[in-house]
Amino acid sequence: MHAWPASEVPALPGKGRDLRIHDTSTGGRVTLVPGPVARLYVCGITPYDATHMGHAATYNAFDLVQRVWLDTKRQVHYVQNVTDVDDPLLERAIRDGVDWVGLAERETALFREDMTALRMLPPKHYIGAVEAIPGIVPLVERLRDSGAAYELEGDIYFSVDADPHFGQVSHYTTELMRHLSAERGGDPERPGKKNPLDPMLWMAAREGEPSWDGGSLGAGRPGWHIECVAIALDHLGMGFDVQGGGSDLIFPHHEMGASHAQALTGEFPMAKAYVHAGMVGLDGEKMSKSRGNLVFVSRLRQDGVDPAAIRLALLSHHYRADWEWTDGILQDAVERLGRWRAAVSRPDGPSADALVEELREALSDDLDTPTALLAVDRWAALQEAEGGTDESAPGLVSRAVDALLGVAL
C-alpha cells in the first residue's frame, strides 16, 4: 500500500531541541533522545468514514513529533497501518450495501488526499492489515506454541497472564479494563476464556465474512492488536521511540499490543514512550463514527476552507487536551492565517531569530502549540505596528512556520 506525497520541509539555521513529551506508561514527561534515526509507529484509520477532525488532530500531533526530530537533524522512520479489514468496516459495508474492499479503498484514498492537503508528512511504510496477514500468522502460531495463546472453538486468544508487564501502559483497574474491552471490540463475557480480558489473535472463518489461509491456525482473519504488532516489529523492531495514537487506544489496543510484543520477544518495553492525543468533540460529545457527529476535512475543503486554516485550528489546542470543534475556532484560524500571511508578505521586518528559538522551545516542551502560535502572533503584531529592517526576517518566519508547524504561508 502506498502513502501520500511528502511536502518539502525547509531547513532552518541552527539545531532543534530534544523532545520532552508526556508518556502515558509513566504518567510523566520523558526526554526522548533517539539515535540518528528516530522510530515512530502511529496507529492508522479503519477506513470506513475518513477523515474527521478527530483523525486530523491525532495525525497532526505525530506530524509535529516528526518535525521536531527533523529539526534536530535526525532521520525519521515512521510507520502507520490501515485496518482494512475489521468488524466496523464490514458492518458499514453491509449497512450501505457496498463491497467492503471498495469501501476501504475509497476511504483510504480520501484519507491520503486529506493528509496531503494538510501537509502531514507521510510514513515510510504504510501497511494494510490484509497485506500484513502473511507476517501475522507466524506470530500467532509462535504465541500459541509457547503457551501464551490458546484455542477456543477455533478462535485463538492471547493470554494476558503470559506477559508479566500487562497493565503497565494504561495502569487501569481491572474493572475499567473490562468495561473498555466490552465497549471497544473485545468480548469479556465470552464463556471459556481463561481471563475475561484475553483478546482475540485469530478469528476462525465465519460464514459470509472474508477469511485467509492461516496455516495451522485454519482459515480466518487476524485480531486488531496483533496486526499492529506484526507491522511494528517487522519495520521498527522492539524498543522503538514512540507508539502513538488517540487516547481511546490506550486500552485495549496499545496495552494489548505491548503485551503481544513482549510475550513474543521476551523484551520490555515495546516502545520507549506511549504518546496519546486527546479527543475532539462536537455538541458536547466525543466526535465518533458511531455517534455520527463528524466534521470532515474533505467537506471543509470542498466548502473552500484553506487547509492551512484547518491545521491552525488544530494547532490552537494542546495535543493532549480534549476539546470541542466549533465554527468560531475555524474562523479564528482563518483570521490568524490572514494576519500571518500579511506579515510575511512584506519585504522586511523585525528580526526573527528569537522567534525561531521560541518555536523550538515550545514544541520541544510536550508539543506546546498554543504557546508557539502566540509567539508568531507577537512577531506578526510587531511587524504590523512597527515593521523592521531585516530583509531576511519574513522569509525566515515563513520557513520556520512551515518546517515546525506544517503551515504554508
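Conventions we followed
Residues numbered from 1 in each chain as written. Predicted model: local features only at pLDDT ≥ 70, side-chain atom pairs only at ≥ 80, totals over all residues. Heavy atoms only, no water. Pairing = 2+ DSSP bridges. Helix = DSSP H or I, 4+ residues; strand = E, 2+ residues; numbered from the N terminus. Axes fitted to C-alpha atoms, helices over the stretch in contact; angles between N-to-C directions. Contact = heavy atoms within 4.5 Å. 1 Å grid on protein atoms, 1.4 Å probe; cavity = no way out; pocket = protein on both sides within 12 Å on 5 of 7 lines; lining within 4 Å. Points joined across faces, edges and corners; volume = space filled by probe spheres on them. Buried < 20%, exposed > 50% of the residue type's maximum accessible area, 1.4 Å probe, protein only. Salt bridge = Lys/Arg side-chain N within 4 Å of Asp/Glu carboxyl O.

Engineer: What is the right way to read the pairing of strand S6 (residues 149-152) from this model?
Structural biologist: Remember that side chains alternate between the two faces of the sheet whenever the strand is regular. The pairing of S6 with strand S7 (residues 155-158) spans four bridges and is antiparallel. Bridge pairing in S7 places Leu152 opposite Asp155. Between the end of S6 and the start of S7, which pair antiparallel, lie two residues, with Glu153 showing a positive phi angle near 50 degrees.

Engineer: Is there a simple way to think about the sheet that holds strand S3 (residues 37-42) in this case?
Structural biologist: Strand pairing in a sheet relies on backbone hydrogen bonds. The paired strands run either parallel or antiparallel. Spatially, the five strands line up as an open sheet ordered S5-S4-S3-S10-S11, and their pairing is parallel. At either margin of the open sheet sits one strand with a lone partner, and together these are strand S5 (125-128) and strand S11 (271-277). Direction aside, the axes of adjacent strands within the sheet are offset by 20 degrees on average. The pairing of strand S4 (residues 75-82) with S5 spans four bridges and is classified as parallel. From the neighbouring strand, Val82 faces S5, where its bridge partner is Gly128. Of the strands in this sheet, S4 and S5 are in contact with helix H4 (residues 129-145), which crosses S5 at around 85 degrees.

Engineer: Would you explain the environment of Ala258 in this entry?
Structural biologist: By secondary structure assignment, the location of Ala258 is in helix H7 (residues 250-265). Spatially, the C-alpha atoms of Ala258 and Gly167 are 9.4 Å apart, while their sequence positions differ by 91 residues. Residues contacting Ala258, with those up to four places away along its chain left out, are Val169, Met270 and Tyr274.

Engineer: Before we go on, may I ask you to explain empty space enclosed by the protein in this structure?
Structural biologist: Sizing a probe to match a water molecule and rolling it over the atoms shows the empty space that remains. Applying the stated criterion across every chain, the model contains five cavities of 30 Å³ or more. Here the largest cavity defines a volume of roughly 110 Å³. Elements with a contribution of two residues or more to the lining of the largest cavity: helix H1 (53-71) and helix H9 (307-315). No other element matches the five residues that H1 contributes to the lining of the largest cavity.

Engineer: Quick question: what am I supposed to make of the side chain of His52 here?
Structural biologist: Secondary-structure assignment places His52 in the loop between S3 and H1. On the basis of relative accessible area, His52 is assigned to the buried category, the value being 7%.

Engineer: I would appreciate a short explanation of the pattern of salt bridges in the present structure.
Structural biologist: Going through the model one piece at a time under the given rule, you end up with 29 salt bridges. A salt bridge links Arg378 to Glu358; the shortest N-O distance between them is 2.7 Å. Of the two residues, Arg378 sits in helix H12 (residues 369-385) while Glu358 sits in helix H11 (residues 353-364), which places them 20 residues apart along the sequence. Three or more residues joined by partner-sharing salt bridges are found here, namely Arg17, Arg20, Arg29, Asp71, Glu357, Arg360, Glu361 and Asp365.

Purely geometric numbers; function is a separate question.
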